[in-house]
Amino acid sequence: MTDHRQRPRRRRGQGELEVLVLSALREANGPATAGWVQQHLGDDLAYTTVITILTRLLAKGAVTRERSGRSFAWLPTSDEAGLAAHRMRRVLDAERDRGAVLASFVTGLGTDDERLLRELLGTPRDDHENGRSS
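Residues numbered from 1 in each chain as written. Predicted model: local features only at pLDDT ≥ 70, side-chain atom pairs only at ≥ 80, totals over all residues. Heavy atoms only, no water.

A. Quick look at helix H3 (residues 47-59). The end-to-end C-alpha separation of H3 is 19 Å, in line with the 18 Å expected for 13 residues at 1.5 Å each. Residue glycine 61 follows H3 closely and has a positive phi angle near 80°. (Helix = DSSP H or I, 4+ residues; strand = E, 2+ residues; numbered from the N terminus. Expected span 1.5 Å × (residues − 1).)

The structure is reproduced here in structure tokens:
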């Protein structure tokens with residue numbers, strides 16, 4: 001007996017699709033249409049899905065668009081890191097106690113991430129641990 005059922009498509013999360021679309025736009029040689037993005041990513045994504053993702057990215061400031069005939073051509077303004085930072089800010093903005101959320105986040109960082117964050121903030125580890133400010 002042969003099983004003729006199709007294997008279900010793997011459902012991608014919104015963030016994953018946004019990263020894929022941004023990556024495709026960065027690989028384009030200039031502004032790209034939604035049709036180009038769809039073809040570049042493979043035809044398993046519907047054109048309407050690509051348009052939805054591009055519109056969400058536009059609302060987040062991660063892309064811009066310009067008229068190209070009857071449609072739009074899209075350009076990235078942000079990379080994956082910028083998009084992830086936007087998502088992190090959105091989560092933080094949704095919470096009432098920002099200080100508690102940030103403190104919990106920082107407390108949960110691994111040693112390497114904590115060191116990197118301190119470098120980015122310009123806070124020497126020794127000064128912070130001794131209760132001194134720079």
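B. Just the nonpolar core, in detail. Membership of the largest hydrophobic core comes to 18 residues, with the highest contact counts inside it found for Val21, Leu25, Val37, Leu54 and Leu57. At the level of secondary structure, the elements contributing two or more residues to this core comprise helix H1 (14-27), helix H2 (34-41) and H3. When residues of this core are assigned to their parent elements, the largest contribution, 5 residues, is made by H1. (Core = buried A, V, L, I, M, F, W, Y, C linked by side-chain atoms within 4.5 Å. Buried < 20%, exposed > 50% of the residue type's maximum accessible area, 1.4 Å probe, protein only.)

C. Here's a closer look at the pattern of salt bridges. Here the structure, examined in full by the defined rule, presents 5 salt bridges. Residue glutamate 18 is joined to arginine 87 by a salt bridge in which the shortest nitrogen-to-oxygen separation is 3.8 Å. One end of the pair, glutamate 18, is in helix H1; the other, arginine 87, is in helix H4 (residues 80-93), and 69 residues separate them in sequence. Judged by relative accessible area, which is 1%, glutamate 18 ranks as buried. The residue glutamate 114 makes a salt bridge to arginine 118 at a minimum N-O spacing of 2.8 Å. Pair noted here: glutamate 114 and arginine 118 are both in helix H6 (residues 111-121), with a separation of 4 residues, about one helical turn. Taking relative accessible area as the criterion, glutamate 114 reaches 19% and is therefore assigned buried. Its relative accessible area of 14% is what places arginine 118 among the buried residues. One network of salt bridges, with partners in common, ties together Glu18, Lys60 and Arg87. (Salt bridge = Lys/Arg side-chain N within 4 Å of Asp/Glu carboxyl O.)

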